[in-house]
Amino acid sequence: MSSDYEQQRSRLHSEYTEQPSDEPWTDLELALPHNRSPTGIVSVVECVLVELTYEDVGAEFVSTSVAGVKRTQFIAVDDIGERFQKRYFDERLGWHETTVSREAVREELVNRLSQSSLGSGVGQNGVVNDQDKFQVMPVPEL
């Protein structure tokens, strides 16, 4: 009986250690525009919020237009994921930081990613915004 237990334990240990080492948040990335459904967008945003709450990662939305590059970043401020630091960068104005609620982050990400799914890849003033992207990455890399 103990040999069966040891074999099962050994098998479970090897299965656990053979799993890929990639973090679950590495796939949380969207090139914009995209073809995700509204439900798919909400699902991505909910996954992002969970990862922001429990991992040392931030979410970044980058858009490029005639006016230059704009970045919006979100990083959890507390351990329960109810408050987030929102960092906004505009090439003309520099950085601006504020603290926002989880609901505000959810709403802004859903709205931005939903608008990006509707376009044909042509943004303001006819500029192709194929450089726009949304991704989750470690906080030190933001």
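Residues numbered from 1 in each chain as written. Predicted model: local features only at pLDDT ≥ 70, side-chain atom pairs only at ≥ 80, totals over all residues. Heavy atoms only, no water.

Caption draft 1: Structural context of the overall build of the chain. If you tally the helices and strands in the chain, you get three helices and six strands. In the chain, the succession of α and β elements from N to C terminus is α-β-α-β-β-β-β-α-β. Here the chain holds 142 residues, and the buried ones make up 35% of them. Across the chain, the fraction of contacts at a sequence separation of at least 24, relative to all contacts at a separation of at least 6, is 53%. If you sum the accessible surface of the chain, you get close to 9,100 Å²; carbon and sulfur atoms cover 48% of it. (Helix = DSSP H or I, 4+ residues; strand = E, 2+ residues; numbered from the N terminus. Buried < 20%, exposed > 50% of the residue type's maximum accessible area, 1.4 Å probe, protein only. Contact = heavy atoms within 4.5 Å. Areas by Shrake-Rupley, 256 points an atom, 1.4 Å probe, with all protein chains shown as cover.)

Caption draft 2: Quick peek at a negative patch on the surface. A contiguous patch of negative charge on the surface is contributed by Asp22, Glu23, Glu55 and Asp56. Tracing the backbone shows Glu55 in the loop between α2 (38-54) and β2 (57-65). On the accessibility criterion, Glu55 (34% relative accessible area) is partly exposed. (Patch = residues over 30% accessible without salt bridge, like charges linked within 9 Å, V, L, I, M, F, W, Y side chains within 5 Å. Salt bridge = Lys/Arg side-chain N within 4 Å of Asp/Glu carboxyl O. Lys, Arg positive; Asp, Glu negative; His and termini not counted. Charge placed at Lys NZ, Arg CZ, Asp CG, Glu CD.)

Caption draft 3: Representation of the pattern of salt bridges. Evaluated as defined, the whole model comprises seven salt bridges. For Arg106, the salt bridge is made with Glu46, and the minimal N-O distance between the two is 2.6 Å. Separated by 60 residues along the polypeptide, Arg106 in helix α3 (residues 102-118) and Glu46 in helix α2 bring together distant segments of the chain. Under the relative-accessibility criterion, Arg106 is labelled partly exposed at 25%. The salt bridge partner of Glu108 is Arg112, with a shortest N-O separation of 3.6 Å. Taken together, the residues span about one helical turn, with Glu108 and Arg112 both in helix α3 at a distance of four residues. Residue classification places Arg112 among the partly exposed positions, given a relative accessible area of 24%.

Caption draft 4: Inspection of the confidence of the model for the chain at higher detail. On average, residues of the chain score 79 in pLDDT, and 71% of them are at 70 or above. In this model, residues 5-21 is a region of pLDDT below 50 whose contacts with residues beyond four sequence positions or in other chains number zero contacts. Throughout residues 117-129 the model reports pLDDT below 50, and contacts reaching past four residues in sequence, or to other chains, amount to 18 contacts. (pLDDT = per-residue confidence, 0-100.)

Caption draft 5: Up close: the sheet that holds strand β1 (residues 29-31). Taking strand neighbours across the sheet as the criterion, the six strands line up as β1-β6-β2-β3-β4-β5 in an open arrangement whose pairing is antiparallel. The two strands at the open ends of the sheet, each matched to only one other strand, are β1 and β5 (94-101). For this sheet, the mean inter-axis angle between neighbouring strands, taken without regard to orientation, is 20°. One ladder, built from eight bridges, connects strand β4 (residues 83-90) with β5; its direction is antiparallel. Bridging from a neighbouring strand, Asp90 pairs with Gly94 of β5. Sheet strands in contact with α2 are β2, β3 (68-76), β4 and β6 (133-138), and its direction is about 130° off that of β2. (Pairing = 2+ DSSP bridges. Axes fitted to C-alpha atoms, helices over the stretch in contact; angles between N-to-C directions.)

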